[in-house]
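Listed below, chain by chain, are the residues.
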Protein chains: 2
Amino acid sequence: MQPLRIAHVAPVATSVPPVKSGSVETMTSLLTEGLVARGHDVTLFAPGSSVTRAKLHAAFPNGYREDPTMWPWEMYELLNLAAAVERASEFDIIHYEAEYYPISLAFTRVAKAPVSQTLHHAPDTEEIGLWHRYPEAPFIAISQEQARLLDGLHVAGIVHHGIDTDNFTFNPVPDDYLLFLGRFTPGKGPVQAIDVAKRLGMRLLLAAAEEQYYHEAVKPLVDDKQIVYVGEVDFDAKVKLFGGARALLYPVQAGEPFGLVLAEAMACGTPAAALDRGAVREVVEDGVTGGVFDDLDAMVDGFDRVLSLDRDRVRQEAVARFGVMPMVDGYVEAFRTIIAQWKAR
Amino acid sequence: MQPLRIAHVAPVATSVPPVKSGSVETMTSLLTEGLVARGHDVTLFAPGSSVTRAKLHAAFPNGYREDPTMWPWEMYELLNLAAAVERASEFDIIHYEAEYYPISLAFTRVAKAPVSQTLHHAPDTEEIGLWHRYPEAPFIAISQEQARLLDGLHVAGIVHHGIDTDNFTFNPVPDDYLLFLGRFTPGKGPVQAIDVAKRLGMRLLLAAAEEQYYHEAVKPLVDDKQIVYVGEVDFDAKVKLFGGARALLYPVQAGEPFGLVLAEAMACGTPAAALDRGAVREVVEDGVTGGVFDDLDAMVDGFDRVLSLDRDRVRQEAVARFGVMPMVDGYVEAFRTIIAQWKAR
């Protein structure tokens, strides 16, 4: 088949890939480079500080997280996307990694190429209401769970996030701790993770940035012996923490549309003990790559089962299901569907 | 000449015209109806609650100030403008009454008709920076003062705001008070107005909504005898207040791009005593329709001159310079310039 001419519109927050962390920018970079590797003609619309093998269209030299004069930031998102729409006749498809989510609708019926989008969050009622004004706008959902939230809208494909499994090094012989890694918010369940670790009598390392909720709810429970806060970690330290953990604790309270941290831990061979919320069952295969539980009691009761899982197998599953190229191929298939629908409209 | 096919894009905040107050919506309504009266084919993009002789394209039944579920409001501005851009081939020109100011840039190079805009505020540095990315985007400035702020951008015309001079009734015989009417902000100078009135030994009525600055700085100076707060007033009460005033006090501290209240007072026959900031000299003719002073001392010293002005003459000047039809004709001329430039681009 013909290679596709793809305008890939990144957020304008930071360079792509990000210097430090940034899951949307990381995923955007992996998808961009993967599409180039598959022979597609990709133009990345991203800050000039980005590094890519695609053609780079840098409407701005830096991102708005790097340059406080770039305000209001929503305008920079809008104008970065507009830059792609202005060149739409050069592309078969425009894909927006939706940072300021609903702006792409403004171009749905105006651009000379289909404008598609990936959301990286669980859309709220107000957004859904806006999107229903443009029911033809094509989405690529990141999970069945997110597709369910987009019910009634045009979900052209469901493609799980990919991660760079080469750099999430497999560790067959972990240390003897559990790990919580994510943001300190009530929805992520750090307090519940501490509760589980205490009931299991196991050490727990907590890795995340110090947010308000850390000081309010988490810090009082940290004793620096059993419950240890290791701070915010960079990529290399994160991989080491994953690899060294007996299991990742993911007692998530609010449903999430994916759960990148689950896939990352699994790529290092570390199974996850997770609550059955949001997209968890799409990422964790119960009894193979982790345990999926209804509540904390069930998690504590069934924890031995998680600890006994084969780390080799966990790694293999992660590579097979969350590698970059499966994601890239999933996107290409969705892109071709969207282009065909657009031509036939 | 051929009538123009005009897409007039209102803010989505409230109906056009507004039920209560709203200077942008009022001006949008006057311009729309005036364009229709001149025989142009106008489509008004505004909430369904609007009343117009133009064709109404109501993307939304109500405005976001009337319906709290319409959030984020910026998206509604964007999609209302997008609705016009989607129909661009039906119009000779699109004109946006810029409520969420810079979004129109996103369509400058995408729409099949020129997208022009009127700003109703003094643009800040960040906005100017954004606009410089689209130096061809056509503006209709509301004053020389605003055009100066838009230096380096494409100002296709300068057209003063019009007011409905029929409804600002002339009052030849005023009462014996001065008037401050506007928002209670430091920039509008209510404290300075009180100072002037006290130094003159004259009564001052203050009419505006109770804002924080009122409680902080204004209320302590109100004695209900010489300095009287009359609250926020509706249109009819406003006209009566203007007509009954010996003079409007306008000791504005921050430069403004117009000064609608000056024109409104003048239409009722009431001269203005104003500080020489922003666009004041474009609205008030010193010695004819009011007095323009460098500072408060000069205002107090020269106040007799303001009180002695001929109210008939003040009214006549206001009608001649700030009537609706002069504004409408100014816009049509600017629209024709923009359309010609766009066709020749």
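The sections below set out a description of the structure shown in this document. (Residues numbered from 1 in each chain as written. Chains lettered and ligands numbered in written order. Predicted model: local features only at pLDDT ≥ 70, side-chain atom pairs only at ≥ 80, totals over all residues. Heavy atoms only, no water.)

**Section: the overall build of chain A**
Note the cut-off: A run of H or I in DSSP counts as a helix once it spans at least four residues, and a run of E counts as a strand once it spans at least two, with each numbered from the N terminus. As defined in this context, the radius of gyration uses C-alpha atoms, and a globule is described by 2.2 Å times the residue total to the power 0.38. Burial classes follow relative accessibility: with a 1.4 Å probe on protein chains only, a residue under 20% of its type's maximum area counts as buried, one over 50% as exposed, and anything between as partly exposed.
Helix and strand counts for chain A stand at 14 helices and 13 strands. Relative to a compact globule of 345 residues, whose C-alpha radius of gyration would be 20 Å, chain A shows 21 Å and is just as compact. Taken over the C-alpha atoms alone, chain A extends approximately 60 × 45 × 40 Å along its principal axes. Split into buried and exposed, the 345 residues of chain A put 58% on the buried side.

**Digging into the sheet that holds strand β9 (residues 203–207) of chain B**
Residue and element names in this part refer to chain B. The following threshold applies: Whether two strands pair comes down to DSSP finding at least two bridges between them. For helices, the axis comes from a line fit to the C-alpha atoms of the stretch in contact; other axes are also lines fit to C-alpha atoms, and the angle between any two N-to-C directions lies between 0 and 180 degrees. Only heavy atoms enter the contact rule, under which two residues are in contact if any of them lie within 4.5 Å.
Strand order in the open sheet formed by six strands is β10-β9-β8-β11-β12-β13, and the pairing between neighbours is parallel. Looking at the sheet topology across the chains shown, the edges are occupied by β10 (227–231) and β13 (290–293). Between one strand and the next, the sheet's axes are offset by a mean angle of 25°, whatever the strand orientation. Examined bridge by bridge, strand β11 (residues 245–250) and strand β12 (residues 272–275) share three bridges and lie parallel to one another. Paired with Leu249 across the strands is Ala273, a residue of β12. In the packing of helix α9 (residues 260–267) onto the sheet, contacts are made with β8 (177–181), β11 and β12, and the angle to β11 comes to roughly 170°.

**Topic: the environment of Leu79 of chain A**
Tracing the sequence through the fold places Leu79 of chain A in helix α2 (residues 73–86). When the C-alpha positions of Leu79 of chain A and Leu204 of chain A are compared, they lie 45 Å apart, and in sequence the two are 125 residues distant. Dropping the residues within four chain positions of it, Leu79 of chain A is found in contact with Phe60 of chain A together with Leu105, Ala106, Leu130, Arg133 and Tyr134 of chain B.

**A look at the relation of the copies chain B and chain A**
Rule in force here: Least-squares fitting of one copy onto the other uses the C-alpha atoms of those residues that reach a pLDDT of at least 70 in both copies.
Superposing chain B onto chain A takes a rotation of 180° combined with a translation of 0.0 Å along the rotation axis, leaving an RMSD of 0.0 Å. Here the two chains are linked by the operation of a two-fold rotation axis. Rotation axis and chain B: the residue whose C-alpha lies nearest the axis is Val110 of chain B, separated from it by 3.7 Å. Interface residue correspondence from chain B to chain A reaches 100%, placing this contact among same-surface, isologous pairings.

**Considerations on helix α8 (residues 235–244) of chain B**
Among the residues of α8 of chain B, Lys238, Val239, Leu241, Phe242, Gly243 and Gly244 of chain B are the ones counted as buried. Contact partners of the buried residues in α8 of chain B: β8, β9, β10, β11, α9 and α13 (311–322) of chain B.

**With respect to the interface of chain B and chain A**
Note the threshold: Buried area, as used here, totals the accessible surface that two parts lose on assembly, with accessibility defined by a 1.4 Å probe and the loss added over both. Any pair of N or O atoms that falls within 3.5 Å is considered a polar contact. Within protein, one atom must be able to donate a hydrogen and the other to accept it, and sequence-neighbouring residues count only if both atoms are side-chain atoms. Note that Gly is not counted as nonpolar here; it falls among the polar residues with everything else outside the nonpolar set of Ala, Val, Leu, Ile, Met, Phe, Trp, Tyr, Cys and Pro and the charged set of Asp, Glu, Lys and Arg.
At the interface, 27 residues of chain B touch 27 residues of chain A. Carbon and sulfur atoms make up 69% of the surface buried where chain B meets chain A, a total of about 2,400 Å² over both sides. A per-residue breakdown of the area chain B buries against chain A is headed by Leu79, Glu86 and Leu130 of chain B, which together make up 22% of the total. Taken together, the links from chain B to chain A amount to four residue pairs in polar contact (both at pLDDT 80 or more). Contributing elements (two or more residues each) for the side of chain B that touches chain A: α2 (73–86), α3 (105–108) and α4 (125–131) of chain B. Residue contributions to the side of chain B that touches chain A peak at eight residues, all from α2 of chain B. Considered class by class, the residues forming the side of chain B that touches chain A number 20 nonpolar, one polar and six charged.

**Some remarks on unusual backbone geometry**
Residues and elements named next belong to chain A. Pro72 follows Trp71 through a cis peptide bond whose omega is -5°. Inspection of the secondary structure puts Pro72 in the loop between β3 (55–57) and α2. Of note, Asp224 is a non-glycine position whose phi angle comes to about 65°, a positive value. Residue position: Asp224 is located in the loop between α7 (212–218) and β10 (227–231).

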